[in-house]
Amino acid sequence: MHEHVNSVPEELIPILLGIGLFAMIFGLRYLSNKETMAMIQNGMDPKLNKATPQPYKNLKWGLLLMGAGIGLFIAFMLDNAFYTFADSSRDNDNVFFLYVSLLSIFGGLGLFISFLMEKKALS
């Protein structure tokens, strides 16, 4: 008989996740502080390293989410139109790839439209 053996007890998972999250936040803060100190030692102003404003960021996110939404809607419509008649022979892997591919295609199309709009506005 085959016995299933857990390598980590279930009670330790939240504890390990908490420790990992703390270590990650501490490490990022430590590295950020170390970078700031190195900039000061080299005579640089750490405040100049701040991110520059991105005026088209909201446009890019908006078009990406709109494209993803349209892709999901079309995938849903195709799923209901073509796969409902063959419920007994329905292959969930094909439906999954339909959703993922249309989501990627229309999300990428939204980003491409954003690129064209930014390019037109900057020229």
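Numbers given for residues are sequential positions, taken from 1 along each chain in its written order. Only residues with pLDDT of at least 70 get local features here, since the model is predicted, and only at 80 or more are side-chain atom pairs given and counted; chain-wide, interface and lining totals rely on the full set of residues. To obtain the side-chain values, all non-hydrogen atoms of the structure were used and water was disregarded.

**Quick notes on the confidence of the model for the protein chain**
Reasoning step 1: Here the protein chain averages 84 in pLDDT, and 85% of its residues register 70 or above.
Reasoning step 2: pLDDT measures how confident the predictor is about each residue, on a scale from 0 to 100. The secondary structure listing takes helices from DSSP runs of H or I that are at least 4 residues long and strands from runs of E that are at least 2 residues long, numbered from the N terminus. Looking at the elements of the protein chain, mean pLDDT is at its lowest for helix α3 (residues 92-122), recorded as 87, and at its highest for helix α1 (residues 12-41), recorded as 92.

**Focus: the packing of aromatic side chains**
Reasoning step 1: For this analysis, a ring pair means two rings from Phe, Tyr or Trp (six-membered ring only for Trp) whose centres lie within 6.5 Å, classed as stacked if their planes differ by under 30 degrees, edge-to-face if by over 60, and tilted for the remaining angles. Scanning the entire structure with this criterion turns up three aromatic pairs.
Reasoning step 2: Taken together, a centroid distance of 5.4 Å and an interplanar angle of 65 degrees make the contact between phenylalanine 96 and phenylalanine 97 edge-to-face.

**Quick look at the side chain of glutamate 118**
Reasoning step 1: Within the secondary structure layout, glutamate 118 lies in helix α3.
Reasoning step 2: Note on exposure labels: buried denotes an accessible area under 20% of the residue type's maximum, exposed denotes more than 50%, and partly exposed covers the range between, all computed with a 1.4 Å probe on protein chains only. Charge assignment: positive for Lys and Arg, negative for Asp and Glu; neither His nor the chain ends contribute. Salt bridges are defined as contacts in which a side-chain nitrogen from Lys or Arg sits within 4 Å of a carboxyl oxygen from Asp or Glu. This buried residue, glutamate 118, is left without a salt bridge; lysine 60 holds the nearest opposite charge, at 4.1 Å.
Reasoning step 3: Glutamate 118 has contacts with Tyr56 and Lys60, leaving out every residue within four places of it along the chain. We call two residues contacting when some pair of their heavy atoms lies within 4.5 Å.

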